[in-house]
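Working through the structure, step by step
Chain by chain, the residues run as shown.
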Amino acid sequence: MEPRTNRRAPEPSTRVRDAERTKAKLLDAALTEFAAHGYQGARVGAIAERAGVNKQLVSYYFGGKEGLYRALQRGWLEHERDHAESGVPPEELMRWYLRKNLSDVRTVRLVLWQALAEGGPQEETQADVEAEQERMRERQDRGDFAPDLDTAAVQLAMMGMVFAPAVFRTTARRLFGVDIDDPDFETRYGDTLSRILARLAVDTTTEGDHP
């Protein structure tokens, strides 16, 4: 008989790390699949295959396709809240969104699918929307936006400006002569967005400020 070998079970910390790695792989694969096919067109089997894990793990960790989709949205919303406090200057906030969208266009494509389908699960609540508007009003009170501007319209316009390069990628390449992943594009486009925002702010200059 062969001698018995004592196989020790993995340490709890190792199991936790493995689980976190597996979930991260699934989330990344899901973002690619949902961005390419939308919520309705994405397939759990394709996500698992892309992640290199068993299909059953989607249900085990996320409760299925909808849970995985919601986890993606929740992760983005939490990441966004960490950077979108009312104390963050609009110019800095817009440059952050632009950088994120240029570095990974999958999120923009996912947002477009959500807008087109209007039927997929939504993690963002009306309370989240109202909280965003409250932060915009606080910025307006601080003088970041002129008092005659509608903060809802300003927020929507800002979203459109940071999404535009990924949505109109071919057009952007023709206009700028470089692709949107070129650092020169981010600099040129981002600098102009900063100047646009500066023009939306309260004009604090007076005649007494000039010699």
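Residues numbered from 1 in each chain as written. Predicted model: local features only at pLDDT ≥ 70, side-chain atom pairs only at ≥ 80, totals over all residues. Heavy atoms only, no water.

Looking now at helix 10 (residues 183-200). With 18 residues, helix 10 extends 26 Å from end C-alpha to end C-alpha; this agrees with the ideal 26 Å at 1.5 Å per step. Every buried residue of helix 10 is accounted for by Phe185, Tyr189, Gly190, Leu193, Ser194 and Leu197. Looking straight down helix 10, one finds its buried side chains confined to an arc of 145°; they lie on one side. Exposed positions of helix 10 whose direction lies more than 90 degrees from the buried face are Ala198 and Arg199. (Helix = DSSP H or I, 4+ residues; strand = E, 2+ residues; numbered from the N terminus. Expected span 1.5 Å × (residues − 1). Buried < 20%, exposed > 50% of the residue type's maximum accessible area, 1.4 Å probe, protein only. Arc of directions from axis to C-beta.)

Here the focus is a negative patch on the surface. A cluster of like negative charges, contributed by Glu78, Asp82, Glu85, Glu138 and Asp141, occupies part of the molecular surface. Turning to its location among the elements, Glu138 is positioned in helix 7 (residues 126-142). (Patch = residues over 30% accessible without salt bridge, like charges linked within 9 Å, V, L, I, M, F, W, Y side chains within 5 Å. Areas by Shrake-Rupley, 256 points an atom, 1.4 Å probe, with all protein chains shown as cover. Salt bridge = Lys/Arg side-chain N within 4 Å of Asp/Glu carboxyl O. Lys, Arg positive; Asp, Glu negative; His and termini not counted. Charge placed at Lys NZ, Arg CZ, Asp CG, Glu CD.)

The residue Lys65 is located in helix 4 (residues 65-81) in this model. The charged side chain of Lys65 is buried without a salt bridge, its nearest counter-charge being Glu33 at 8.4 Å. A polar atom in the side chain of Lys65 sits 2.6 Å from the backbone oxygen of Tyr39. Dropping the residues within four chain positions of it, Lys65 is found in contact with Phe34, Tyr39, Gln40, Ala42, Arg43, Val44 and Val58. (Polar contact = N/O pair within 3.5 Å; in protein donor to acceptor, adjacent residues only side chain to side chain. Contact = heavy atoms within 4.5 Å.)

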